[in-house]
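Single-letter residue listing:
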Amino acid sequence: MKHLRAAAAVMASGALLFTGAVTSAQAAPAGPHHHTKGAPLKALANRDHLLFGTAVNMDALAEDATYRKITAREFSSVTAENVMKWETLQPQRGVYDFTQGDALVNFARSNGQAVRGHTLLWHNQLPGWLTSGVADGSISKDELRQILREHITTVAKHYKGKLYQWDVVNEVFEEDGSYRQSLWYQQLGPSYIADAFRWAHQADPHAKLYVNDYNVEGVNAKSTAYYNLVKDLRAQGVKVDGFGIQGHLGTQYGFPGDIPANLKRFADIGVESSFTEVDVRGVMPMDETKLNRQAEYFSGMLDACLDQRKCTSFTIWGFADQYSWVPGVFSGEGSANIYDENYAPKPSYWAVREELAGGRND
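Please read these numbers as outputs of a predicted model, since none were measured by experiment.

1. Section: the state of the cysteines
Logical step 1: Taken as a whole and assessed by the stated rule, the structure comprises one disulfide.
Logical step 2: Across the disulfide, C305 is cross-linked to C311 (sulfur-sulfur distance 2.1 Å). Taking the sign of the torsion about the S-S bond as the criterion, the disulfide between C305 and C311, at about -100°, is left-handed.
Logical step 3: Judged by its relative accessible area of 0%, C305 falls in the buried class.
Logical step 4: Of the residues examined, C311 reaches a relative accessible area of 0% and is grouped as buried.

2. Things to note about the pattern of salt bridges
Logical step 1: According to the stated counting rule, one finds 12 salt bridges in the structure shown.
Logical step 2: Linking R116 and D167 is a salt bridge whose minimum nitrogen-to-oxygen distance equals 2.7 Å. Of the two residues, R116 is situated in strand β5 (residues 114–121) and D167 in strand β6 (residues 165–170); the sequence distance between them amounts to 51 residues. The two residues R116 and D167 agree in class, both being buried.

3. As for the side chain of S182
Logical step 1: Tracing the backbone shows S182 in the loop between β6 and α9 (183–188).
Logical step 2: Only 3.2 Å separates the side chain of S182 from the backbone nitrogen of Y185, close enough to count as a polar contact.
Logical step 3: Leaving out residues up to four positions away in the same chain, S182 has contacts with H123 and Y192.

4. Looking at empty space enclosed by the protein
Logical step 1: Under the defined criterion, the tally for this structure stands at three cavities of 30 Å³ or more.
Logical step 2: Here the largest cavity is characterised by a volume of approximately 60 Å³.
Logical step 3: For the lining of the largest cavity, the residue count by class is seven nonpolar, four polar and one charged.
Logical step 4: In this structure, the second largest cavity spans a volume of roughly 50 Å³.

5. Topic: the packing of helix α13 (residues 288–306) against helix α15 (residues 347–358)
Logical step 1: Following both chains from N to C, one finds α13 and α15 inclined at 25°, their axes separated by 8 Å at the closest point. It follows from the interaxial angle that α13 and α15 lie roughly parallel. Crossing geometry of α13 relative to α15 is assigned as right-handed. Along its contact with α13, which presents L291, N292, Q294, A295, F298, S299, L302, D303 and L306, the element α15 presents P347, S348, A351, V352, E355 and L356.
Logical step 2: Here the contact of α13 with α15 is composed, by residue class, of nine nonpolar, four polar and two charged.

6. Details of the nonpolar core
Logical step 1: Counting residues in hydrophobic clusters, the biggest one holds 98 residues, and the most contacted among them are L130, W166, W184, F197, F275, F314 and F319.
Logical step 2: Here this core gets eight residues from one element, more than from any other, and that element is helix α10 (residues 191–203).
Logical step 3: Beyond its immediate chain neighbours, meaning those up to four positions away, F197 contacts V168, V169, L209, Y210, V211, L233, V238, K239 and V240.

7. Digging into the confidence of the model for the chain
Logical step 1: Per-residue pLDDT for the chain averages 91, and the proportion of residues at 70 or more is 89%.
Logical step 2: Low confidence marks residues 1–33, where pLDDT is under 50. Its contacts with residues over four positions away, or in another chain, come to 70 contacts.

8. Description of the packing of helix α8 (residues 141–158) against α10
Logical step 1: At a minimum axis separation of 8 Å, α8 and α10 run at an interaxial angle of 35°. Between α8 and α10 lies a crossing whose hand is right-handed. Here R145, L148, R149, I152, T153, A156 and K157 of α8 come into contact with α10, specifically with Y192, D195, A196, W199, A200, Q202 and A203.
Logical step 2: Broken down by class, the residue content of the contact of α8 with α10 amounts to eight nonpolar, two polar and four charged.

Cut-offs applied
- Residues numbered from 1 in each chain as written.
- Predicted model: local features only at pLDDT ≥ 70, side-chain atom pairs only at ≥ 80, totals over all residues.
- Heavy atoms only, no water.
- Disulfide = S-S within 2.5 Å.
- Buried < 20%, exposed > 50% of the residue type's maximum accessible area, 1.4 Å probe, protein only.
- Salt bridge = Lys/Arg side-chain N within 4 Å of Asp/Glu carboxyl O.
- Helix = DSSP H or I, 4+ residues; strand = E, 2+ residues; numbered from the N terminus.
- Polar contact = N/O pair within 3.5 Å; in protein donor to acceptor, adjacent residues only side chain to side chain.
- Contact = heavy atoms within 4.5 Å.
- 1 Å grid on protein atoms, 1.4 Å probe; cavity = no way out; pocket = protein on both sides within 12 Å on 5 of 7 lines; lining within 4 Å.
- Points joined across faces, edges and corners; volume = space filled by probe spheres on them.
- Nonpolar A, V, L, I, M, F, W, Y, C, P; charged D, E, K, R; others polar.
- Axes fitted to C-alpha atoms, helices over the stretch in contact; angles between N-to-C directions.
- Parallel < 35°, antiparallel > 145°, perpendicular 65-115°, else oblique.
- Left-handed = near helix turned anticlockwise from the far one by under 90°.
- Core = buried A, V, L, I, M, F, W, Y, C linked by side-chain atoms within 4.5 Å.
- pLDDT = per-residue confidence, 0-100.

Below, the structure written as structure tokens:
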């Protein structure tokens with residue numbers, strides 16, 4: 001835990017502030033498309049058997065040559081930002097469209113990259129035929145369970161052998177650790193989670209199967225709910241391989257300093273972990289202080305992963321600010337990624353690079 005041990009933290013204005021500044025190497029000025037000479041990020045990560053990934057915007061991949069070049073050069077793993085979600089894959093009942101997902105798989109194959117699947121089951125981005133059918137009662141509970149089984153089975157079989165991880169269930173708990181009152185929970189009860197894992201495993205026996213959520217970086221009520229869920233499922237013989245930590249942080253909030261303890265408790269029960277959607281947003285406009293804090297937060301999460309052998313991948317949720325989801329969801333916030341809108345590496349890029357160059361911590 002190089003940075004977590006070294007970074008002295010103090011409480012000020014309700015936020016955890018790091019006294020460690022970005023190093024001169026991290027803060028080195030860089031013009032658009034600039035890269036230091038030497039290995040790309042994925043090569044540095046590969047030395048320690050860590051997959052270093054990014055979420056991919058398929059429109060940008062098709063239309064932006066620089067985006068495409070950086071995606072291929074820097075990352076060993078790719079995740080579909082949206083095109084493997086239910087509303088895209090099955091926009092009409094029983095009619096599947098794998099076009100965009102297949103395009104990402106083919107891009108990854110041509111560039112020697114692994115692919116994460118995101119996500120088989122979520123309460124958002126569901127097709128209208130499904131949500132309206134449940135709402136008006138035309139889809140019964142028994143029928144809904146069959147629809148869920150058919151979707152998971154069809155999608156997982158389609159990508160069988162092509163993906164190394166699946167986010168099987170996404171965001172199933174509230175902040176207090178209670179079950180999210182989603183369509184799935186309200187109609188099917190908590191058993192839908194075990195069912196989803198069983199069906200995914202039957203369809204693709206070799207893929208690593210994950211739970212995934214936000215605000216679970218450290219030890220808290222929500223991450224403890226996942227810890228207990230995973231222990232319970234595995235005790236029932238349900239294959240659950242990993243705990244996915246999204247890693248959506250903000251510079252205006254404190255850094256969750258007990259990440260190592262959280263990763264360790266999952267490792268202790270035989271479960272691997274991955275950081276799956278990392279970005280660090282800030283209140284605009286950004287300044288040097290915020291950018292340096294952003295770099296510390298990226299570095300701190302990556303350092304915790306490198307400190308835990310069972311942390312197997314680290315994925316940032318997009319790498320270029322112009323394609324970030326943040327401004328559209330968090331009013332007045334942005335600049336969440338490691339490259340700016342002109343593809344100039346930010347201090348967070350240099351912090352990540354330095355962390356990967358340092359390798360595993362044992």
